[in-house]
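Here is what each chain is made of, one letter per residue.
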Amino acid sequence: MPSLSRFTFGVGDRFAHQAKSQLSAFQQLAALGVSLTPVWNKSNREHSFIGSEPTSVRAAGEKAVADLGWKGPWHTDADHIRLETVDRFISSCDFFTIDVAESIGKAAPADQVAAFIAKHPELIGTLKITGVGAPITLTKADVEKVANKYLSATQEAARIYRHIAKTKGEDQIIAEVSMDETDLPQTPPELLIILAALADEKVKAQTIAPKFTGRFNKGVDYVGDLVQFEREFNDDLAVIAHAIKAYGLPATLKLSLHSGSDKFSLYPIIRRATAKTGAGIHIKTAGTTWLEECIGLAEAGGEALALVKSFYATAYDHIDEYCAPYATVIDINRAKLPSVATVNGWSGSRLANAIRHIPGHPEYDANLRQLLHVSFKLAAKAGTKYTDLLKKHEAIVAKNVVANLLDRHFKPLFIG
Ligand SMILES: [Zn+2]
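Criteria and cut-off values
- Per chain, the residues get numbers from 1 upward, laid out in the order the sequence is written.
- Where local features are concerned, this predicted model is filtered to residues with pLDDT of at least 70; where side-chain atom pairs are given and counted, the filter is 80 or more; whole-chain, interface and lining totals use all residues.
- Only runs of H or I of at least four residues qualify as helices and only runs of E of at least two qualify as strands under DSSP, and these elements are numbered from the N terminus.
- Note that the radius of gyration is over C-alpha atoms, with the globule rule given as 2.2 Å times the number of residues to the power 0.38.
- This entry defines residue contacts through backbone-placed C-beta atoms, with two residues in contact when those atoms are within 7 Å.
- The pairing criterion for strands is at least two bridges between them, as found by DSSP.
- When the strands point away from the viewer, a crossover counts as right-handed if the route from the first strand across the helix to the second turns clockwise.
- Only buried residues count toward a nonpolar core: Ala, Val, Leu, Ile, Met, Phe, Trp, Tyr and Cys, linked into one set through C-beta atoms within 7 Å.
- Residues are called buried when their C-beta atom has 20 or more other C-beta atoms within 10 Å, exposed when it has 12 or fewer, and partly exposed otherwise; all C-beta atoms are positioned from the backbone.
- As used throughout, domain bounds are those supplied by an automatic or database domain assignment.
- Lines fitted to C-alpha atoms define the axes here, with helix axes fitted over just the stretch in contact, and angles between the N-to-C directions of these axes take values from 0 to 180 degrees.
- What sets the label is the angle itself: under 35 degrees gives roughly parallel, over 145 gives roughly antiparallel, 65 to 115 gives roughly perpendicular, and the rest give oblique.
- If you view the pair so one helix is near and one far, a crossing is left-handed when the near helix is turned anticlockwise from the far one by less than a right angle, and right-handed when it is turned clockwise.
- Under the scheme applied, nonpolar residues are Ala, Val, Leu, Ile, Met, Phe, Trp, Tyr, Cys and Pro; charged residues are Asp, Glu, Lys and Arg; polar residues are all the others, including Gly.
- Across the chain, bend at a residue is computed as the angle between axes fitted to the seven residues ending at that point and the seven starting from it.

J.: Just give me the short version of the overall build of the protein, but keep the residues and values in it.
T.: When helices and strands are counted, the protein shows 17 helices and 10 strands. Taking 22 Å as the expected radius of gyration for a compact globule of 416 residues, we find that the protein reaches 22 Å, a close match to that expectation. The long-range share in the protein, meaning contacts at least 24 apart out of those at least 6 apart in sequence, stands at 79%.

Listed below in structure tokens is the structure:
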């Protein structure tokens, strides 16, 4: 198993034109003394929306790495795959985000739950875990309840893990287990029980993506209780450090934060916690690079600006269609969206300022930003008209892609 770096950052590149700009941001961070490993991710859903193949993600990464002479590690992530969708990713990916959210809550057979409890007497009572804010105390009934809820999911993770390991070789894969796309967050004690179950199943996960409390909407800041988030995040780190020792999980095992772009209010919390404990982190972002493309095209003016305005007009007129697949991860106040006529009257910099996520900027518009964010299929439909403009205005788009990653994400997360 290739060992995963302490700090990794997932970037998406829906139209496969920004890998070089993205990598340049990692390079500039390295020059500031922070080594961060890029992971290019694209989910099965995005590939099907856009009509692309996983090999294109690998190829774009390879080209960027060669063009910039990147010497560090890098990975391509089969993002949110399941047993029925993983196969076309196996040859071109080395990082696999095994999504078992659908199996959460499916009751496991009673004898398997009983066997799990019998095997893990150490989970019952007041647990000695260094670093948790308050002692974790679990009864047998607590462990049984959690096992009932999560044992099927861990078994499903193992089925998928074994399938990938058998096909590609266990020494060639980095595994993440993801439970974030579900309704209820997992508490630190639940995370501990899940990790024990994954270890029983010999799933050598190097990252785990729980669902945290609070709202992780796409492309906008976190909405929730920051004090509670900090407490749970720190407890999760302590639980992971404990589980590595107690259950022989990979020493590189770390938390993975999905929908991690633009969570500006969480970054100082994450930076403090990783600095204090020495823990690693994987932050997964994906879709917002496409918004930087829109910002760059808006700034470029002319037909590029007109195309971005036409995306907004179509998205506005078909808002239900574009929002439906993302209904649970966006909060758009439709009454506050600017009208198509208003946006059509804007200059390029006015539109760019509305899309660009600078909290507190008087022209920033979270509603417009989220609507455009979920409407990336429009760019796929525009085809070469869109990608030709990306090529033509490469410099101005690149400037936005780099600044977004480096200044608004990497520096607050890793430098402060
Ligand atoms: Zn996710």
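J.: Go over the pairing of strand β9 (residues 254-257), please, and point to the residues and values.
T.: Where strand β8 (residues 205-209) and β9 come together, two bridges link them in parallel fashion. Bridging across to β9, Thr207 finds its partner in Lys254. In this sheet, strand β10 (residues 281-284) lies alongside β9 in parallel orientation, the contact comprising three bridges. Within β10, the residue paired with Leu257 across the bridge is Ile283. With helix α8 (residues 267-277) bridging β9 and its parallel neighbour β10, the resulting β-α-β unit is right-handed.

J.: Account for the nonpolar core, with residues named and values stated.
T.: The nonpolar side chains of a soluble globular protein tend to be buried, and buried together. The biggest cluster of nonpolar side chains holds 113 residues, and the ones touching the most others in it are Val177, Ile193 and Ile355. Take this core: its biggest share by element is 10 residues, from helix α5 (residues 140-168). Shared between two domains, this core holds at least three residues of each, these being domain 1 (7-287) and domain 2 (291-401). Setting aside its immediate chain neighbours within four residues, Val177 contacts Ile98, Val100, Ala157, Leu198, Val203, Ala205 and Ile208.

J.: For the packing of α5 against helix α6 (residues 188-200), give the residues involved together with the corresponding values.
T.: Contact geometry for α5 and α6: axes closest at 9 Å, N-to-C directions at 45°. The orientation of α5 with respect to α6, classified from their angle, is oblique. Both α5 and α6 take part in a crossing whose hand is right-handed. Facing Val143, Val146, Ala147, Tyr150, Leu151, Thr154 and Ala157 of α5, the residues of α6 in contact are Glu190, Ile193, Ile194, Ala197 and Leu198. Taken together, the residues of the contact of α5 with α6 break down into 10 nonpolar, one polar and one charged.

J.: Give a detailed account of the domain arrangement of the protein, specifying residues and quantitative values.
T.: Here the protein is described as being made up of domain 1 (7-287) and domain 2 (291-401). Here domain 1 and domain 2 have C-alpha centroids that lie 30 Å from each other. Facing the 19 residues of domain 1 at the interface are 19 residues of domain 2. Every element with two or more residues in the side of domain 1 that touches domain 2 is listed here: α1 (19-31) and α2 (44-50). Taken together, the residues that form the side of domain 1 that touches domain 2 break down as six nonpolar, nine polar and four charged.

J.: Go over unusual backbone geometry with me, naming the residues and quoting the values.
T.: The backbone phi angle of His80 is positive, close to 55°, even though this residue is not glycine. Here His80 lies in strand β3 (residues 75-81). Here the phi dihedral of Asp262 falls at roughly 65°; this positive angle occurs in a residue that is not glycine. Along the chain, the position of Asp262 falls in the loop between β9 and α8. For Asp262, a count of 26 C-beta atoms within 10 Å puts it in the buried group.

J.: Please provide a residue-by-residue account of the packing of α1 against helix α3 (residues 54-68), values included.
T.: Direction vectors running N to C along α1 and α3 enclose 50°, while the axes themselves pass 9 Å from each other. Classified by the angle their axes make, α1 and α3 are oblique. The chirality of how α1 crosses α3 is right-handed. Across from Ala19, Lys20, Leu23, Ser24 and Gln27 in α1, the residues of α3 making contact are Ala60, Gly61, Lys63, Ala64, Val65, Asp67 and Leu68.

J.: Hey, could you go over the environment of Lys202 for me, with residue numbers and the actual values?
T.: By secondary structure assignment, the location of Lys202 is in the loop between α6 and β8. Judged by local crowding, Lys202 falls into the exposed class, with 12 C-beta atoms found within 10 Å.

J.: Tell me what's going on with helix α17 (residues 394-414), and back it up with residues and numbers.
T.: Residue pairs three or four apart in sequence face the same way in an α-helix, which turns once every 3.6 residues. In the structure, α17 departs most strongly from a straight axis at Leu406, where the bend amounts to approximately 30°. Of the residues making up α17, those classed as buried are Val397, Ala398, Asn400, Val401, Val402, Asn404, Leu405, His409, Phe410, Leu413 and Phe414. Following α17 by one or two positions, Gly416 adopts a phi angle in the positive range, close to 95°.

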